[in-house]
Amino acid sequence: MTTQPPALLIAGHGTRDEAGAEAFRDFVKELGRRNPELPVAGGFIELSPPPLAEAVTELVERGVRRFAAVPLMLVSAGHAKGDIPAALAREKERHPGVTYTYGRPLGPHPALLRVLERRLDETLAGTPREDVTVLLVGRGSTDPDANAEVCKAARLLWEGRGYAGVETAFVSLAAPDVPSGLDRVARLGARRVVVLPYFLFTGILPDRVRRQTEEWAAAHPEVEVRSADVIGPEPELLDLVMERYAEAVDGDLRMNCDSCVYRIALPGFEDKVGLPQQPHFHPDDDGHDHGHGHGHHHHGGHSPSHAH
């Protein structure tokens, strides 16, 4: 009798943008199509259906007793560090006998850097790379470690590819914002700029990046500014999720906790060290009507299953 491999649970952030939510749901379906031997389900922490709890219930109803959860997120911020582990711990209580392992976020992986490079090539359309400065725009977080991950991705994207430079900006919660990032590259002497959104799928925030880029470009006609597309459901992304799944199943997790705000007293964030993790309630969870304001505060900690 062969042992059924652990199921795959994809954990997403959620978006108020229906096209972005649908892109996630389509991505989960494609993972299932590509891996027919594997039960696959996906859900969101907030904002979009289905909630993560519903995805776990779906797997349990299909007979699943073991699963590996992979956060469909580029950086390890409050959601990946605290909200998802807490939600998974809650699901373990709801479904006695179920066990799980937890994978790590996706970036900055060489496969994703290749997709970013492709997005830049599409946008440049033959313009020499040495004439172009890239502004990589991340989501932005109150977690310094998460913002540093975007800077790391920018440096890795710059290495060996011949761009004039790769700088970083953030669309929310962190500085510099998009207009300030564009001001900075202009002061550095850039005359051709590509704004590259560091996002997996379309949504409210990538749309905001594009809009702010267009507004800045209109006010600065001396700089040629173009907008690149998001990463999207590329084969590299599908393969990378399966790589993260395999790591979680095999126990080969190499999470970097050296600069984690919940472990290390970083300046201005000392109060976060050792904070207990709290489940992040999804508005569609049964019996729960907790509404979210725009900037709700995240408490997070490391789950016992957060491997080191």
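Structure first, text after, so check above.
Residues numbered from 1 in each chain as written. Predicted model: local features only at pLDDT ≥ 70, side-chain atom pairs only at ≥ 80, totals over all residues. Heavy atoms only, no water.

**Considerations on the packing of helix α1 (residues 18–34) against helix α8 (residues 235–250)**
Now for step 1: Where α1 meets α8, the closest approach of the two axes is 11 Å, and the angle between their N-to-C directions is 70 degrees. In terms of orientation, α1 lies roughly perpendicular with respect to α8. Every residue of α8 that contacts α1 at F27, E30, L31 and R34 is listed here: P235, L237, L238, D239, V241 and M242.
Now for step 2: The class makeup of the residues in the contact of α1 with α8 is 7 nonpolar, no polar and 3 charged. (Axes fitted to C-alpha atoms, helices over the stretch in contact; angles between N-to-C directions. Helix = DSSP H or I, 4+ residues; strand = E, 2+ residues; numbered from the N terminus. Parallel < 35°, antiparallel > 145°, perpendicular 65-115°, else oblique. Contact = heavy atoms within 4.5 Å. Nonpolar A, V, L, I, M, F, W, Y, C, P; charged D, E, K, R; others polar.)

**Let's talk about the nonpolar core**
Now for step 1: One finds L8, I10, L31, L72, L106, L136 and V241 to be the most contacted residues of the largest nonpolar core, which totals 50 residues.
Now for step 2: Beyond its immediate sequence surroundings of up to four residues, L31 is in contact with L8, I10, V40, L238, V241 and M242.
Now for step 3: Judged by nonpolar contacts, the second largest core, of 21 residues, contains A41, L59, F67 and A69. (Core = buried A, V, L, I, M, F, W, Y, C linked by side-chain atoms within 4.5 Å. Buried < 20%, exposed > 50% of the residue type's maximum accessible area, 1.4 Å probe, protein only.)

**Quick look at the environment of E214**
Now for step 1: Looking at where E214 falls in the secondary structure, it is placed in helix α7 (residues 204–219).
Now for step 2: Sequence-wise, E214 and V225 are 11 residues apart; in three dimensions their C-alpha atoms are separated by 8.0 Å.

**A look at α1**
Now for step 1: The end-to-end C-alpha distance of α1 is 24 Å, a good match for the 24 Å that 17 residues give at a rise of 1.5 Å each.
Now for step 2: Among the residues of α1, those classed as buried are G20, A21, A23, F24, R25, F27, V28 and L31.
Now for step 3: Residues of α1 that are buried make contact with β1 (7–12), β2 (40–44) and α8.
Now for step 4: The opening residue of α1, the one whose side-chain oxygen lies 3.3 Å from the backbone nitrogen of A19, is D17. (Expected span 1.5 Å × (residues − 1). Polar contact = N/O pair within 3.5 Å; in protein donor to acceptor, adjacent residues only side chain to side chain.)

**Concerning the packing of aromatic side chains**
Where two aromatic rings form a pair, the distance of their centres and the angle of their planes describe that pair.
Now for step 1: Evaluated as defined, the whole model comprises 3 aromatic pairs.
Now for step 2: Seen from their ring centres, F67 and Y100 are 5.6 Å apart, and the 15 degrees between their planes marks the pair as stacked. Residue F67 is found in strand β3 (residues 66–71), and its partner Y100 is found in strand β4 (residues 99–102); the two are separated by 33 residues along the sequence.
Now for step 3: Taking the relative accessible area as the measure of exposure, Y100 reaches 14% and is therefore buried. (Phe/Tyr/Trp six-rings, centres within 6.5 Å; stacked < 30°, edge-to-face > 60°.)

**Thoughts on the packing of helix α6 (residues 178–187) against α7**
Now for step 1: Viewed as axis vectors pointing N to C, α6 and α7 meet at an angle of 45 degrees, and their least axial separation amounts to 9 Å. Classified by the angle their axes make, α6 and α7 are oblique. As for the relative orientation of α6 and α7, their crossing is right-handed in sense. In this structure, α6 uses V178, P179, L182, D183 and A186 to contact α7, whose residues at the interface are V209, Q212, T213 and W216. (Left-handed = near helix turned anticlockwise from the far one by under 90°.)

**A look at the pattern of salt bridges**
Now for step 1: For the structure shown, the criterion picks out 24 salt bridges.
Now for step 2: With a shortest N-O distance of 2.9 Å, E22 and R25 are connected by a salt bridge. One end of the pair is E22 and the other is R25, both in helix α1 and 3 residues apart, which spans about a single turn.
Now for step 3: With relative accessibility at 18%, the residue R25 sits in the buried group.
Now for step 4: Across the salt bridge formed by R129 and E117, the nearest N and O atoms sit 2.9 Å from each other. (Salt bridge = Lys/Arg side-chain N within 4 Å of Asp/Glu carboxyl O.)

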